[in-house]
Amino acid sequence: MRKINIPWEDRPEGNNDIVWRYSKNPVIGRYHTSGSNSIFNSAVVPFEDGFAGVFRCDNKSIQMDIHAGFSKDGINWNINDDPIEMVAGNTDLIHSEYKYDPRVVFIEDRYWITWCNGYHGPTIGIAYTFDFKTFHQCENAFLAFNRNGVLFPEKIDGKYVMLSRPSGPGHNNFGDIFLSYSPDMKFWGEHRIVMKVAHWNDSGWQTAKIGAGTVPIKTDEGWLMFYHGVIETCNGFRYAMGAALLDTQSPEKVLYRSKPYLLSPAADYELMGDVPNVVFPVASLHDDEGKVAIYYGAADTVTALAFCRINEVISFLKENSL
Ligand code: BMA
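Think of each chain on its own: its residues are numbered from 1, step by step along the sequence as written. In view of the model being predicted, local features appear only for residues whose pLDDT reaches at least 70, and side-chain atom pairs are presented and counted only at 80 or more, with totals across whole chains, interfaces and linings using the full set of residues. Calculated side-chain values reflect all of the structure's heavy atoms, with hydrogen atoms and water omitted.

Q: Would you mind showing me how to read unusual backbone geometry here?
A: A negative phi holds for most residues other than glycine; trans holds for most peptide bonds. Asn-25 connects to Pro-26 through a cis peptide bond whose omega is -10°. Examined against the element boundaries, Pro-26 turns out to sit in the loop between strand S1 (20–21) and strand S2 (36–47). Across the junction of Ala-144 and Phe-145, the peptide omega takes the value 10°, indicating a cis bond. Segments assigned H or I by DSSP are reported as helices when at least four residues long, segments assigned E as strands when at least two residues long, and all are numbered from the N terminus. Residue position: Phe-145 is located in the loop between strand S10 (135–137) and strand S11 (146–151). Its identity is not glycine, yet Asp-101 carries a phi of approximately 50°, on the positive side.

Following this line, the structure appears as structure tokens:
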């Protein structure tokens, strides 16, 4: 594996958090591209001698679309002003009313992008690219309504595996994480429940809905995945982040899952913005020393970074599992 210099900052002195914020957050501001109103819930991967990403940029008409971007260090980004124009992949080009909340993962020989695709309601769109210039759009994975489609970085038992969250058309106050298998990235089935919302007396921050966040990281003990959990308060939803460890061979089996959250809106840029009180993890980079940089959307307005170490997260999960 190529040595990857991920963005990193040590845990500040006196801070005991398992996940800590980057001191120079946010890394991408709302007006970073010429037409944007907000840039958040965006995904990055190692690419060539740096990084590439797919960014959710809502424009000033508040149309949601995804844009490609490139960076040498994972912190300073050049994001294309124009949205990605798809070409046909494994099917005729499917019309898409909007695109948001992308994820990116390298599997075998190419980068796969999943996103929430507007096709008579939100569902999961899929595309692949080799160079982040030409993107080939494939069949939608599911029927509407579905969100938060996240692929595993390798096949399991010869099949692609995707986490997702079946839901309804609007701003739903329900939703659990499922997974599905595909032999070919076109036909999806063998749908299994992975985890459900928590009960009020156990873990309030994840009682309304939960959704897969980052591409699972393969560790010696299982797949480590950061996810979002939502509480419905008298003032609306609040989105926080937790983590789960899933079984290596049967990832529908949850080994551990965080009872306390790992990151919840507390910094100004998470508390204030177009949608206050949102921390929404979408991507992570990790290196061979077990350091992790998590990219998350803050208040549906900007993109921020947080850091942690794989071994510390796993120990925390073992001691604080739901
Ligand atoms: C979800 C999606 C996310 C957004 C979140 C909080 O339903 O729309 O893109 O970050 O709500 O508003």
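Q: How do you make sense of the nonpolar core when you look at a structure like this?
A: Proteins that are soluble and globular tend to have nonpolar side chains buried together. One finds Val-54, Phe-55, Trp-77, Val-104, Phe-132, Phe-135 and Leu-305 to be the most contacted residues of the largest nonpolar core, which totals 42 residues. Counting only elements with at least two residues in this core, the list comes to S2, strand S3 (50–59), strand S4 (64–71), strand S8 (110–118), strand S20 (279–286), strand S21 (291–298) and strand S22 (302–309). Residues count as neighbours in contact if any of their non-hydrogen atoms are within 4.5 Å of one another. Residue contacts for Val-104: discarding those within four places in its chain leaves Ala-43, Val-45, Val-54, Tyr-111, Trp-112, Ile-113, Phe-132 and Val-215. Tyr-160, Leu-163, Met-185 and Val-194 belong to the second largest nonpolar core, which has 34 residues in total. Within this scheme, the nonpolar core is defined by two criteria: the residues are buried Ala, Val, Leu, Ile, Met, Phe, Trp, Tyr or Cys, and they are joined through side-chain atoms within 4.5 Å. Partly exposed residues are those whose accessible area sits between 20% and 50% of the maximum for their type, while under 20% is buried and over 50% is exposed, using a 1.4 Å probe and protein chains only.

Q: Looking at this model, I keep getting lost on the sheet that holds S2. Mind explaining?
A: Neighbouring strands of a sheet are bound in pairs by backbone hydrogen bonds; such pairs are parallel or else antiparallel. Taken together, the four strands give an open sheet; going across it, the order is S2-S3-S4-S5, and neighbouring strands pair in antiparallel fashion. The open sheet is flanked by S2 and strand S5 (78–79), the only strands paired with a single partner. Two strands pair under a simple rule: DSSP has to find at least two bridges between them. Pairing geometry for S4 and S5, over two bridges, is antiparallel. If you follow Phe-70 over to S5, its bridge partner there is Asn-78.

Q: Before we go on, may I ask you to explain the site of the ligand in this structure?
A: Proximity criterion: a residue is near a molecule or strand once any of its heavy atoms comes within 4 Å of it. The environment of the ligand is made up of Asn-41, Arg-56, Tyr-100, Asp-101, Tyr-239, Val-275, Val-278, Phe-280 and Asp-300. In protein, a polar contact requires one atom able to donate a hydrogen and another able to accept it; more generally it is a pair of N or O atoms within 3.5 Å, and residues adjacent in sequence count only if both atoms are side-chain atoms. With respect to the ligand, the side chain of Arg-56 contributes an N or O atom lying 2.7 Å from an oxygen atom. Separating an oxygen atom of the ligand from a side-chain N or O atom of Tyr-239 is a distance of 3.0 Å. Relative to its unbound accessible surface of 310 Å², the ligand loses 88% to contact with the protein. For the accessible areas, the method is Shrake-Rupley and the probe is 1.4 Å, while residue cover comes only from the protein chains on display.

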